[in-house]
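Remarks on the overall topology
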Amino acid sequence: MALVLGIESTAHTFGVGIVSDEPRILADARFSYVPEKGGIHPREAADSFVKNAPRVLREAFDQAGVSIDSVDAIAVALGPGMGPCLRVGATIARALAAYYGKPLIPVNHAVAHIEIGRMLTGAADPLAVYISGGNTAIVAKHGSRYRVFGETLDVALGNFMDTLVRELGLAPPYVVGGVHALDRCAEGGKYVELPYVVKGQDTSYSGLLTAALKAFKNGARVEDVCFSAREVAYSSLVEVAERGVAQLGKSEILLVGGVAASRYLVEKFRALAEYRNLRLHVVPPKYAVDNGVMIAWTGLLLFKHGVTVEPERAVVKQRWRLDSVDVYW
Ligand SMILES: Nc1ncnc2c1ncn2[C@@H]1O[C@H](COP(=O)(O)OP(=O)(O)O)[C@@H](O)[C@H]1O
Ligand SMILES: [Mg+2]
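Note that the structure is predicted; figures quoted are calculated from it, not measured. (Residues numbered from 1 in each chain as written. Chains lettered and ligands numbered in written order. Predicted model: local features only at pLDDT ≥ 70, side-chain atom pairs only at ≥ 80, totals over all residues.)

1. A word on the pairing of strand 3 (residues 24-32)
The pairing of strand 2 (residues 13-20) with strand 3 spans eight bridges and is classified as antiparallel. Across the sheet, residue Gly-17 finds its bridge partner in strand 3, namely Asp-28. Linkage of strand 2 to strand 3, two consecutive antiparallel strands, is achieved through a turn of three residues. (Pairing = 2+ DSSP bridges. Helix = DSSP H or I, 4+ residues; strand = E, 2+ residues; numbered from the N terminus.)

2. Comments concerning the sheet that holds strand 3
What the five strands build is an open sheet, ordered 3-2-1-4-5; its pairing is mixed. Two strands close off the open sheet at either side, each with one partner strand: strand 3 and strand 5 (104-108). Strand-to-strand twist of the sheet, defined as the mean angle between neighbouring strand axes without regard to direction, takes the value 20 degrees. Both strand 4 (residues 73-79) and strand 5 contribute to a ladder of five bridges, which runs parallel. Pairing of Ala-75 across the sheet is with Ile-105, part of strand 5. Lying on the sheet, helix 2 (residues 83-100) is in contact with strand 1 (3-8), strand 2, strand 4 and strand 5; it crosses strand 4 at an angle near 155 degrees. (Axes fitted to C-alpha atoms, helices over the stretch in contact; angles between N-to-C directions. Contact = placed C-beta atoms within 7 Å.)

3. Thoughts on the domain arrangement of the protein chain
Per the domain assignment, the segments making up the protein chain are domain 1 (3-113 + 290-324) and domain 2 (122-287). Once you take the C-alpha centre of each, domain 1 and domain 2 turn out to be 27 Å apart. At the interface, 13 residues of domain 1 touch 16 residues of domain 2. For the side of domain 1 that touches domain 2, the elements supplying multiple residues, two or more each, are helix 3 (109-121) and helix 10 (292-304). Per-element accounting of the side of domain 1 that touches domain 2 gives the leading share, three residues, to helix 3. Counted by class, the side of domain 1 that touches domain 2 contains eight nonpolar, three polar and two charged residues. (Domains from an automatic or database assignment. Nonpolar A, V, L, I, M, F, W, Y, C, P; charged D, E, K, R; others polar.)

4. Brief notes about the packing of helix 3 against helix 10
In helix packing, the relevant descriptors are the interaxial angle and the interaxial distance, both defined with respect to the helix axes. Packing of helix 3 against helix 10 brings their axes to within 8 Å, and their N-to-C directions diverge by 85 degrees. When the interaxial angle is binned, helix 3 and helix 10 end up roughly perpendicular. Across the interface between the two elements, Val-111, Ala-112, His-113, Glu-115, Ile-116 and Met-119 from helix 3 touch Val-293, Met-294, Ile-295, Trp-297, Thr-298 and Leu-301 from helix 10. Across the contact of helix 3 with helix 10, the residue classes break down as nine nonpolar, two polar and one charged. (Parallel < 35°, antiparallel > 145°, perpendicular 65-115°, else oblique.)

5. Notes on the nonpolar core
If you look at the biggest cluster of nonpolar residues, it comprises 116 residues, and the most contacted ones within it are Ile-74, Ala-75, Val-76, Val-129, Ile-253 and Ala-296. Looking at this core element by element, the count peaks at 11 residues for helix 7 (residues 222-248). Formed jointly, this core draws a minimum of three residues from each of two domains, domain 1 (3-113 + 290-324) and domain 2 (122-287). Apart from the residues lying within four places of it in its own chain, the contact partners of Ile-74 are Leu-5, Ala-93, Leu-96, Ala-97, Lys-102, Leu-104 and Ile-105. (Core = buried A, V, L, I, M, F, W, Y, C linked by C-beta atoms within 7 Å. Buried ≥ 20, exposed ≤ 12 C-beta atoms within 10 Å, placed from the backbone.)

6. Quick look at unusual backbone geometry
Residue Glu-22 is joined to Pro-23 through a cis peptide bond whose omega torsion reads 0 degrees. The topology assignment puts Pro-23 in the loop between strand 2 and strand 3. Note the cis peptide between Gly-79 and Pro-80, where omega equals -10 degrees. If you trace the backbone, Pro-80 turns up in the loop between strand 4 and helix 2. The phi torsion at Asn-277 lies on the positive side, around 60 degrees, for a residue other than glycine. Within the secondary structure layout, Asn-277 lies in the loop between helix 8 (263-276) and strand 14 (279-282). Taking the number of C-beta atoms within 10 Å as the measure of exposure, Asn-277 has 7 and is therefore exposed.

7. Observations regarding the pairing of strand 14
Here strand 13 (residues 252-256) pairs with strand 14 via four bridges, running parallel. Residue Leu-255 lies in a different strand from strand 14, and its bridge partner there is Val-282. One crossover worth recording links strand 13 to the parallel strand 14 by way of helix 8, and it is right-handed. (Right-handed = clockwise from strand over helix to strand, strands pointing away.)

8. Observations regarding the site of ligand 1
With respect to spatial proximity, 21 residues lie near ligand 1, and among them Ser-132, Gly-133, Gly-158, Gly-258 and Ser-262 are the closest. Class assignment for the residues of the shell around ligand 1 results in eight nonpolar, 11 polar and two charged. Composition of the shell around ligand 1 by domain shows at least three residues from each of domain 1 (3-113 + 290-324) and domain 2 (122-287). (Near = placed C-beta within 6 Å.)

Structure (structure tokens):
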């Protein structure tokens, strides 16, 4: 049996997970940075990670009931993400690996979102819809890599949602009780015309953001703005996903990343799945958002295929694209 400890620190969450290859999740400890106002301030987030890392690490070992001696390898998300945040996790992982003489495994955060989704849902060869604060991509495995078959031309879906509710004075906090402020505000809203943009297989949300805020300034009701912005944003994503499955001949869709925790978005995809006779897999909300378990699990897959990196070569890559990573499984 192999045990891998994984460290996540790409943006707002410092997480430590420990998994075994059964597969079993032995530990899932997290600290989340929540800005008092505005978006993520990378340096503030990194400072809060430094303060909380020892506690989170200790909690992970306590949950698993193992010491570091039983851990076979240390995995770390080296990118993509925010430099100051990434460096906290990378520094801790390098130190642990070097001091305890454990192999160090470089994990791509985006690949990890997909792999934890596949592991937890049993999806075999899906079209993955990866939607989070920093990414919006339609992805499928082709040969030995994940390939991007569509993405946002500007801001990511989660970033669009967070910015909109913040500018409307509805957040932070962005998510309360598992419901995003945009989904909550949209209840009872009516449609007002907003620009719907899909170019080929790509989506776009920045024009929608500007138009939604303008509509609000011009007197549209906040629930109508939220409802309409959400409908346009979610529908454009469903459209490119539908074309993606048709073109690639896929029979499964897998939703991963923080926004996959939106049950309203899931409903839209469920309708598509029924209409197209597809199997819809959705990563459980707890593992939709960033966590250490997904890094540990992907680290374990890489470890089994002999992928390791020397600590002195384990540099962070803020723009590490998922389609540049070889996947051997
Ligand atoms: N229940 C939810 N419904 C909709 N969006 C959510 C929900 N929970 C989190 N999100 C969004 O997911 C995004 C964070 O995704 P995550 O994968 O954790 O981070 P990152 O994009 O930094 O990797 C944020 O934009 C957040 O608002
Ligand atoms: Mg993420």
